[in-house]
Amino acid sequence: MAEHTKIIAVTRFDPERDDAPRSQEYEVPVQEDWKVLEALNYIKDHLDPTLSHRWSCRMAVCGSCGMNVNGEPKLTCREPLSNYGERVEVAPLANFPVVRDLVVELEGFLEKLGALKPWIMLAKQRAPEEGATRQSPAELADFKQFSMCINCMLCYAACPVVANEPDFLGPAALATAHRYNLDSRDEGAAQRAEIMRGEGGVFSCSYANECAEVCPKNVDPAGAIQQAKLANVLSWARSFVVRRRAAS
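Residues numbered from 1 in each chain as written. Predicted model: local features only at pLDDT ≥ 70, side-chain atom pairs only at ≥ 80, totals over all residues. Heavy atoms only, no water.

## Notes on the packing of helix H7 (residues 171–182) against helix H8 (residues 189–197)
For the record, the criterion: Where helices are involved, their axes are fitted lines through C-alpha atoms of the stretch in contact, as for all axes, and angles between N-to-C directions lie from 0 to 180°. A run of H or I in DSSP counts as a helix once it spans at least four residues, and a run of E counts as a strand once it spans at least two, with each numbered from the N terminus. Between 65 and 115 degrees an angle is taken as roughly perpendicular, under 35 as roughly parallel, over 145 as roughly antiparallel, and anywhere else as oblique. Note on convention: the crossing is left-handed when the near helix lies turned anticlockwise from the far helix by less than a right angle, right-handed when the turn is clockwise. Should any heavy atoms of two residues lie within 4.5 Å, those residues are counted as being in contact. Only Asp, Glu, Lys and Arg are considered charged, only Ala, Val, Leu, Ile, Met, Phe, Trp, Tyr, Cys and Pro nonpolar, and every remaining residue, Gly among them, polar.
The interhelical angle for the contact between H7 and H8, taken along N-to-C directions, is 155°, at an axis separation of 10 Å. In terms of axis orientation, H7 runs roughly antiparallel to H8. In this structure, H7 crosses over H8, and the sense of that crossing is left-handed. Within the contact between the two elements, H7 uses Leu-174, Ala-177, His-178, Tyr-180 and Asn-181 and H8 uses Ala-189, Arg-192 and Met-196. Considered class by class, the residues forming the contact of H7 with H8 number 5 nonpolar, 2 polar and 1 charged.

## Considering the pattern of salt bridges
As a reminder, the rule being used: By salt bridge we mean one thing: a side-chain nitrogen of Lys or Arg within 4 Å of a carboxyl oxygen of Asp or Glu. Each residue gets one of three labels from its accessible area relative to the maximum for its type: buried under 20%, exposed over 50%, partly exposed in between, using a 1.4 Å probe on protein chains only.
Enumeration according to the criterion identifies 9 salt bridges in this entry. Across the salt bridge formed by Asp-183 and Arg-179, the nearest N and O atoms sit 2.9 Å from each other. Judged by its relative accessible area of 2%, Asp-183 is buried. On the accessibility criterion, Arg-179 (10% relative accessible area) is buried. One salt bridge in this structure joins Arg-185 and Asp-183, with 2.7 Å as the shortest N-O distance.

## Examining the packing of aromatic side chains
Where we set the bar: Only centres within 6.5 Å qualify two rings of Phe, Tyr or Trp (six-membered ring in Trp) as a pair; their planes then separate them into stacked at under 30 degrees, edge-to-face at over 60, and tilted for everything else.
Applying the stated rule across the entire model yields 3 aromatic pairs. Between Trp-34 and Tyr-42, the ring centres sit 6.0 Å apart and the planes meet at 45°, which makes this aromatic pair tilted. By relative accessible area, which is 12% here, Trp-34 ends up buried. Summarising the aromatic geometry, the rings of Phe-96 and Tyr-156 are spaced 6.1 Å apart at their centres and angled 40° between planes, so their arrangement reads as tilted. A residue pair is termed long-range when its members are at least 10 positions apart, and Phe-96 in the loop between strand E5 (87–91) and strand E6 (98–100) and Tyr-156 in helix H5 (residues 154–158) qualify at 60 residues. Comparing Phe-96 with Tyr-156 shows no difference in burial state: the two are buried. Each member of the aromatic cluster is reached from another via a ring pair, and the members are Phe-96, Phe-109 and Tyr-156.

The structure is reproduced here in structure tokens:
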């Protein structure tokens, strides 16, 4: 297969040693069918073993290899180098602390995700005694799209609210919470509601829709958040009516 060279300009940064990020260029003999990740792996294996980047499956399943390519969040394992010119810039995802070079820290996201209880609640606990909870194809369809998230964090890198409000729970976490609220087997919506309606919750979303544009799995986190806004307003209104009736 024919080869030609491209300049891959990679952001290098070690917080323990460097005062600021810098760009380092590598001349890479790329093949026509290469993805961006393959160029980075070539650099690591043949040109500069000190380069740090994260990847695993190379099949757009694990979400590990998210990076900014020419300023846009991409999964580098599925992004063709042929989409770009002779010079390609690769940087770490925006809106995350950098561990080193192209590797970002995900601890903050995992804490936010965990706070929203991203698992089926209650029905699972009864399963040993009552058996499996059945679910129809229509009930599965209610939430299936929002269950496709691979936590690649491209949506966080693209989100203007994440960039300006550190307490915002973010697209992936809120979409995942909504996915479980829609699941017919789950009974935890009330427990998630306080966090979802609180500071940094669904009502912090400005619906810029950037998260949906960059999502490699077509999850549409922006759509999930708008649905969650409506669901939370209706839930609050119903509880208000019930309190009024009880008081009267």
